[in-house]
Amino acid sequence: MKTLFSTLAFVLTTGVLTAQPVITDVTLANENERNKNVAVTYTLAGEAAIVTAEFTADDVTITSVATTNLTGDVNARVDVGRHRFVWPVRAAFPQTTLKNLKVRLTAWSVGQPPTYVAFDLTGQDSPRYYVSADAVPGGVLSRTYKTDKLLMRRIPAAGVEAELGDVTGATTSAYPMSRVSFSEDYYIGVFEVTAGQYAWITKGSVASGTDEDALVKPLVFVSWETMRGKGFSWPTVAEGQTSAHAVAATSPLGKLRIQQGYAFDLPTGTQWEFAARAGRRTDYPGTAATSQLDYGWYSDETNAVVEVGLKRPNGFGLYDMGGNALEYVLDLYGTTAETPAYGSCLTDPEGPTTPDEKGYRTRRGGSFGQSCSAPFAKVYARIPYE
């Protein structure tokens, strides 16, 4: 059954800081008393940074939900210099006058950004960063993040050691437990990539008259090779390939990199499983087996892909990590996993270096094509695919 698409991931590099970003000379003023627009200006010094804002009234913090419609140089990467943004207060508080209004700005290092980032696939806006799910404009479940924008969540992995695979420790398991660690945090998609997002990435638009309900379902029938480009290998570097993460410029991932300026790729199997588990030692993504149907779509309830994000998220706020569509990872499908010696730990493992006799790639997460109790639905299961 040819059912797939994978979450997308890109790895954050910390980089070398030449100077710590500093915000000074912050001013807050009513831009338009009638509309209650509040304008904030500030100076950023030191180096480029991602700037976010928090407002208080009478020393009480205003919820992030009320300030999601900020416009200008905020929730974005800004360069050194003088900047400005506006908050239309009336939209959030049409009948209330806020007293003693103050703003606190935070300059995040580009190498240590906030929790969420939204990429505008229509090309109308630069990437926008948000400190929490509540701060995401319109809410995480808005259909705009299933069609026109790509919403990603930062996974706190740097320096973490984790046990992956069959953590019950069964010596007969086809997926023996292994200990891994990560050198960097990384972002991963909040949802499985949808047909609508794929249309924006590959065609630059969505065809007029397209059924919106079809656009918010996971993309299917696209191969690993199509996504990255023919002849672009992993983890070995093929002839003419500059690195294992290199992709063809004309591939969907190549086009997305050119559009957004970030090194998007499929996650490794280790990155996928760590994100899917969200810190839990269970057989299913972020939850217990008895409630897995609350978190994913399986043949127990559907015979086709379903709109992403309709079930409950896991502990990292990621949806459909189990069920709905199978998800490609970078890894080759090998007959054995890369397993460290007892007491040792693998850092940033890249999966098997030698493929099985058919040269298959790996999918994860289970799908609507199987029951939630099927072996392939388990979070550590690796599913071969050519």
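Figured I'd write up the structure that's included with this text. (Residues numbered from 1 in each chain as written. Predicted model: local features only at pLDDT ≥ 70, side-chain atom pairs only at ≥ 80, totals over all residues. Heavy atoms only, no water.)

### Observations regarding helix α2 (residues 195-203)
Here is step 1 of the chain: Listing the buried residues of α2 in full gives G196, Q197, Y198, A199, W200 and I201.
Here is step 2 of the chain: Buried residues along α2 sit against β12 (149-155), α3 (212-215), α4 (224-228) and α5 (252-260).
Here is step 3 of the chain: Positive backbone phi, approximately 80 degrees, marks G204, located one or two places after α2. (Buried < 20%, exposed > 50% of the residue type's maximum accessible area, 1.4 Å probe, protein only. Helix = DSSP H or I, 4+ residues; strand = E, 2+ residues; numbered from the N terminus. Contact = heavy atoms within 4.5 Å.)

### So, the packing of aromatic side chains
Here is step 1 of the chain: All told, the structure shown has eleven aromatic pairs when counted by the stated rule.
Here is step 2 of the chain: Both rings, one in W87 and one in F93, keep their centres 6.3 Å apart while their planes meet at 85 degrees; by these two values the pair is edge-to-face.
Here is step 3 of the chain: A residue is classified by how much of its surface remains accessible, and F93, at 21% relative accessible area, is partly exposed.
Here is step 4 of the chain: Aromatic rings pair up to connect F182, Y186, F274 and F316 into one cluster.
Here is step 5 of the chain: For K146, the ring lying beneath its charged end belongs to F191, and the centroid distance is 5.5 Å.
Here is step 6 of the chain: R361 extends its terminal NZ or CZ atom over the ring of W224, reaching a point 3.8 Å from the ring centre. (Phe/Tyr/Trp six-rings, centres within 6.5 Å; stacked < 30°, edge-to-face > 60°. Lys NZ or Arg CZ within 6 Å of the ring centre and 35° of its normal.)

### With respect to the sheet that holds strand β18 (residues 361-364)
Here is step 1 of the chain: The strand order β16-β18-β19 describes an open sheet built from three strands, whose pairing is antiparallel. Whereas interior strands pair on both sides, the edge strands pair on one side only; in this sheet they are β16 (327-332) and β19 (383-385). Taking the axes of each pair of neighbouring strands and ignoring which way they run, one obtains an average angle of 40 degrees across the sheet.
Here is step 2 of the chain: With three bridges joining them, β18 and β19 adopt antiparallel strand pairing. Its bridge partner being in β19, R363 is matched across the sheet by I383.
Here is step 3 of the chain: Lying over the sheet, helix α6 (residues 269-277) contacts β16 and β18, oriented at roughly 140 degrees with respect to β16. (Pairing = 2+ DSSP bridges. Axes fitted to C-alpha atoms, helices over the stretch in contact; angles between N-to-C directions.)

### Notes on the environment of A249
Here is step 1 of the chain: Along the polypeptide, A249 turns up in the loop between α4 and α5.
Here is step 2 of the chain: On the basis of relative accessibility, which here comes to 49%, the residue A249 falls in the partly exposed class.
Here is step 3 of the chain: In the structure, A249 is positioned 21 residues away from R228 in sequence and 8.7 Å away in space, judged by C-alpha atoms.
Here is step 4 of the chain: Each residue touching A249, except ones within four places of it in the same chain, is listed here: G254, K255 and I258.

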